[in-house]
Structure formats: structure tokens, C-alpha cells
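So the chains spell out like this:
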Amino acid sequence: MGVDQRRVYLVTSAIGGALAGLGACLLALQYDVHPFIGNTFGPLIFMICVLGGLGNMIGGFIAAFIISQIIAIGGYYFSAELSYVLAFILFILLIFVRPQGIIGR
Amino acid sequence: MNERRIAALAGLGVLLALPFITPAYFLHLLIQILLWGFIYTAWSMMGRFGLVSLGHGAFMGVGAYVPALLWNYFDITPWLGTPLGIALSALLGLIIGYPCFRLRVVGHYFALVTLALGQVVLLSIVAARDITGGSLGLTPRSIGHSWYALQFPDKIYFYTIALIVWLLGLFVWRWIDRGIGREALEAISDDEEAAAAIGIDVTREKLRVTIVSAALTALGGALFGQYLMYLNPETVSGIGVSLQIVFAAIAGGMYALLGPTVGALLTIALTEGLRVWFGASFVGAANTIYGILLILFIIFMPRGILGWLGAARRPPVRTAPAE
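One structure accompanies this document, and this report is about it. (Residues numbered from 1 in each chain as written. Chains lettered and ligands numbered in written order. Predicted model: local features only at pLDDT ≥ 70, side-chain atom pairs only at ≥ 80, totals over all residues. Heavy atoms only, no water.)

1. Here's the deal with the overall build of chain B
Step number 1: In terms of helices and strands, chain B carries 15 helices and zero strands.
Step number 2: For 323 residues, the compact-globule formula gives about 20 Å, and the C-alpha radius of gyration of chain B, at 20 Å, lands near that figure.
Step number 3: Summarising its shape, the C-alpha atoms of chain B cover approximately 55 × 40 × 40 Å along the three principal directions.
Step number 4: Of all 323 residues assigned to chain B, the portion counted as buried reaches 52%.
Step number 5: Of the contacts made within chain B by residues no fewer than 6 positions apart, 78% connect residues no fewer than 24 positions apart.
Step number 6: Accessible surface computed for chain B: about 15200 Å², of which carbon and sulfur atoms make up 70%.
Step number 7: For chain B, the separation between the mean place of its 19 positive charges and that of its 16 negative charges on side chains is 5 Å. (Helix = DSSP H or I, 4+ residues; strand = E, 2+ residues; numbered from the N terminus. Rg over C-alpha atoms; globule rule 2.2 N^0.38 Å. Buried < 20%, exposed > 50% of the residue type's maximum accessible area, 1.4 Å probe, protein only. Contact = heavy atoms within 4.5 Å. Areas by Shrake-Rupley, 256 points an atom, 1.4 Å probe, with all protein chains shown as cover. Lys, Arg positive; Asp, Glu negative; His and termini not counted. Charge placed at Lys NZ, Arg CZ, Asp CG, Glu CD.)

Structure (C-alpha cells):
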């Protein structure tokens, strides 16, 4: 078809990296920065993407909202760690029920 | 075959003689290499069949914390606590594995589920900080040299234990490699639907290897805790540990018997070497170089060092299964 695969991959991963960098800049307004900051967010980001359905922007927004609300509300009623535990357990259960994402077909 | 047997015996002889000639620091490294080699071998039992687990820290954490907590709070000897930790870890593998395999959660999704599992265990340990000490870690109550408490100030005891356990790991790996399960599992990792169609019980075969892998990882975790006499959620269950297990096993070569051990040798020699070399003069350089080397390894030797060496010697028998 004449699509330069390598170029497409290169450009998408460059844009992806740039957007992640932008997101991190915005996060730095809220959180304190340290070398291991990626460890806190890495797994969560994966999970939100999968919950929303890979490549599904709207789903991603909804999943991010649900997960962050669980963490925030759980953190208020229980403790910060337990709310994360809750979010991860919910993720595992949702993968079993809806592997295509929450609003996927 | 005979040649290989002689080589194996010679290697074992060297390993038995080493503690008498090496200084304590190198003995410490050897113990770490053997224990990590054992854990990596346990991981590769799943990894080589396409069951990429990013959450083996969960099993290691359960295996390490259960005996230590029982010992600290109830004076229960690790001789009982460790089997209990192993049993709980196997149960955890069953609980997470059964729905995964039943509902055909494979590939990236399986990796993510295990990643989440690792985080669940890690954060649960941190959350139960009144009991486990949280992020500050936990020190098993020390009573000096004791078989009952499995505590030995002298490293030679742990070297022997690590050697035995490592051999056990190799033995189990070979047992899976030689068994009928291997063909079934390879068929599953190539094409799950087809394997199920010809009558392979996909769920059962996968569960078996998962439970074995989880149990052995827990044993490794328990010994690690007993050896270091200090547990920290990040160092037994952290995402760094889970990923390190994956990287090292892949770098060494997960399709070969000694591959994961070579991975352990490589990563520990590398981290220690770079640390000694750079030390405090250029903090962080060691980790950076370590990370870059890992990336290069995975790009240029996807089958690992031993896989690469093996492929250079003879034509490849079987290509690596696709992700």
C-alpha cells in the first residue's frame, strides 16, 4: 500500500513519548518529583489504557476517571495503599469480565 | 551425553570447592547468584511457554513474609512457616491462574493481570504496616546460630542451602522439559485454540506449571529473607524485582536449562561490578549503564545469551513462540 511501516512506528512512538512527557510535566504540578516516580504511575497507566480499551480515547478518559475516583475515595475512607489495592483488584476482575475494555464492543 | 555428564560433575565439584577458597564477599555474591538463579529458573518455567508473568514479586513476597511474620509473632519455626508460605503462594497462583486460563486471558493481558497482582501484594504488605512494618521493612528476630530458626551467621551454611535449592530448581525445570506436559504447553503457546481442539486440557496444563513456578518462587523468597535477615516490600515484591526477574531470565536465555542462572550471574556481576567500579564517584552511573545494557541485550539477543550461543553452534531447532 506504500505505507512506510518504520516511519509510522517511529512517529507514533515519538508522539506517544512526547505526550507522556507533557502529562508528566502536568503531574509535577501536583506531585513531588523523585527518580522512582515512574514506578508509582507505570502500572496504573497500563491498567487505565487496557480498561478503556486499547486505542480508545473516550474509554481511556472514563477508565482514568473511575480508577482515580476509587483511589481518591478509597484513600479517604481506608488508606492510600488499600485504595490502590482496591483499584488493582477491580482491574483484575474487569479483565476477566471485559477484556476488550469497559466500553469496547 | 557422557561428556555432558562429566562437565556437569566437574561444574558441581567447582561449586562445592568454591566456598573454601573465596573470601566472604564473593561467597555472598555466589549465594545471591544461586538464589536468584533459582528464582529466575522458576520464572522461566512459565516464561518459556508464553506465560509472561510480570508479577513474580507477589509469590516471592508471600514466600518471604509468611515465615518471617510467623516467626516474629508466634515463634513458629521457618521449617513450618516456609511450607505454609509456599502453600499460600501456590494458592495465590491457583486463584489468579484459574480464571485467567479459563477465560483465555493470554499474552499482554496475562502480563498485566500478573503485574496488578504484584502490586496488590506489595501494597497490601505496605498497608498492613502495623504488622509487617510497612515500607520500613521487617527484621526476623535474630537468635544467632540456630537450625531451628534457620539462622546462620556463617555464610557457608546458606551457600550449601542455596546450592541444594538451585539444583532442585534445575531438576524441576528438567522434569518439566522432559515431561509430556512440555509438548502440550508448547502446542498451547503456539496456538491455544488448536491445542484445545486436539484434546489438550489447556487450563490444567497451564495451572500446573503456574503452581510449580509460584511455589518455587516462594521458596526462593523465604530463603532470601532468612539469608538477608531483612525484608522490605520493595525488595521482595516491588515492580523492580518483578521486572528484574523477567529481564534476567530473558537475558540469560529462558529456553536453556542454565539460561536463567547465566542471567543471574550476569546481572549480579554487572550490578556489583559497576557499583564497585563507580562507587560513590558517579552516583547513578551504574544503574544507567545496567539499564542500557539490558535494553541492548533484549534487542540484539532476544533468545538470551545461551540461546544465542546455542544458535551459533547449531541450526535452530525451534523458533521462539510469538508474543
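Next comes the rest of the account.
2. Focus on the interface of chain A and chain B
Step number 1: Between chain A and chain B, the contact holds 18 residues from the first and 19 residues from the second.
Step number 2: For the pair chain A and chain B, the two sides together bury roughly 1600 Å², of which 85% comes from carbon and sulfur.
Step number 3: Together, A:Glu81, A:Ile92 and A:Phe96 form the three largest contributors to the area buried by chain A at its contact with chain B, with a combined 36%.
Step number 4: In this assembly, chain A and chain B are joined by one salt bridge.
Step number 5: Between B:Arg129 and A:Glu81 there is a salt bridge, and its shortest N-O distance comes to 3.0 Å.
Step number 6: Taken together, the elements giving at least two residues each to the side of chain A that touches chain B come down to α2 (37–52) and α4 (80–97) of chain A.
Step number 7: Top contributing element to the side of chain A that touches chain B by residue count: α4(A), with 10 residues.
Step number 8: Of the residues contributing to the side of chain A that touches chain B, the split by class is 15 nonpolar, two polar and one charged. (Buried area = accessible area lost by both parts, 1.4 Å probe. Salt bridge = Lys/Arg side-chain N within 4 Å of Asp/Glu carboxyl O. Nonpolar A, V, L, I, M, F, W, Y, C, P; charged D, E, K, R; others polar.)

3. Remarks on the side chain of B:Thr210
Residues and elements named next belong to chain B.
Step number 1: Residue placement: threonine 210 occurs in helix α10 (residues 202–228).
Step number 2: Looking at threonine 210, its side chain comes within polar contact range of the main-chain oxygen of lysine 206, at 2.7 Å.
Step number 3: Apart from the residues within four sequence positions on either side, threonine 210 is in contact with Met46, Leu51, Gly93 and Phe101. (Polar contact = N/O pair within 3.5 Å; in protein donor to acceptor, adjacent residues only side chain to side chain.)

4. Describing the state of the cysteines
Step number 1: The full count for this structure, using the stated rule, is zero disulfides over all chains.
Step number 2: There is no disulfide at A:Cys25, and the cysteine sulfur nearest it, in A:Cys49, is 18 Å away.
Step number 3: Cysteine B:Cys100 is unpaired, with the sulfur of A:Cys49 as its nearest cysteine sulfur at 19 Å.
Step number 4: Residue classification places B:Cys100 among the buried residues on the basis of a relative accessible area of 1%. (Disulfide = S-S within 2.5 Å.)

5. What about a nonpolar patch on the surface?
Step number 1: A grouping of A:Leu10, A:Val11, A:Ile15, A:Leu19, A:Leu22, A:Leu26 and A:Leu29 is seen on the molecular surface, where their side chains present a nonpolar patch of about 730 Å² in accessible area.
Step number 2: Of note, A:Ile15 is situated in helix α1 (residues 5–30). (Patch = residues over 30% accessible without salt bridge, like charges linked within 9 Å, V, L, I, M, F, W, Y side chains within 5 Å.)

6. Let's talk about the pattern of salt bridges
It is possible for side chains bearing opposite charge to pair when their charged atoms get close.
All names here are of chain B.
Step number 1: Scanning all chains against the criterion turns up 10 salt bridges over all chains.
Step number 2: Its salt-bridge partner being aspartate 177, residue arginine 48 comes within 3.0 Å of it at the nearest N-O pair. Linking arginine 48 in the loop between α2 (24–47) and α3 (56–74) with aspartate 177 in helix α7 (residues 155–178), this pair joins segments that are 129 residues apart in sequence. Grouping residues by exposure puts arginine 48 and aspartate 177 together as buried.
Step number 3: Connected via shared salt-bridge partners are Arg48, Asp177, Arg182 and Glu186.

7. Describing the packing of aromatic side chains
Step number 1: The tally for this structure, following the rule as stated, stands at 12 aromatic pairs over all chains.
Step number 2: Measuring from centroid to centroid gives 5.1 Å for A:Tyr76 and A:Tyr77, while their planes differ by 85°, and the two rings are edge-to-face. Across the pair, A:Tyr77 and A:Tyr76 agree in class, each one exposed.
Step number 3: These aromatic residues form a ring-pair network of at least three members: B:Trp147, B:Phe152, B:Tyr157, B:Phe158 and B:Tyr227.
Step number 4: Sitting above the plane of the B:Trp71 ring, B:Arg141 keeps its charged end 4.9 Å from the centroid. (Phe/Tyr/Trp six-rings, centres within 6.5 Å; stacked < 30°, edge-to-face > 60°. Lys NZ or Arg CZ within 6 Å of the ring centre and 35° of its normal.)

8. Focus: α10(B)
Step number 1: The end-to-end C-alpha separation of α10(B) is 39 Å, in line with the 39 Å expected for 27 residues at 1.5 Å each.
Step number 2: Of the residues trailing α10(B), B:Met229 is marked for its positive phi of about 55°. (Expected span 1.5 Å × (residues − 1).)

9. Some words on unusual backbone geometry
Residues and elements named next belong to chain B.
Step number 1: The phi torsion at aspartate 75 lies on the positive side, around 60°, for a residue other than glycine.
Step number 2: For arginine 104, which is not a glycine, the phi torsion comes out positive at approximately 60°.
Step number 3: Of note, arginine 104 is situated in the loop between α4 (78–102) and α5 (107–127).

10. Quick look at the packing of α4(A) against α5(B)
Two measures define how a pair of helices packs: the angle their axes make with one another and the distance between the axes.
Step number 1: Running from N to C, α4(A) and α5(B) point in directions that differ by 155°, and their axes come no closer than 9 Å. Here α5(B) runs roughly antiparallel to α4(A), going by the angle between their axes. Crossing of α4(A) over α5(B) shows left-handed handedness. Residue-level contacts link A:Glu81, A:Leu82, A:Tyr84, A:Val85, A:Phe88, A:Ile89, A:Phe91, A:Ile92 and A:Ile95 of α4(A) to B:Tyr109, B:Leu112, B:Val113, B:Ala116, B:Leu117, B:Gln119, B:Val120, B:Leu123, B:Ser124, B:Val126 and B:Ala127 of α5(B). (Axes fitted to C-alpha atoms, helices over the stretch in contact; angles between N-to-C directions. Parallel < 35°, antiparallel > 145°, perpendicular 65-115°, else oblique. Left-handed = near helix turned anticlockwise from the far one by under 90°.)

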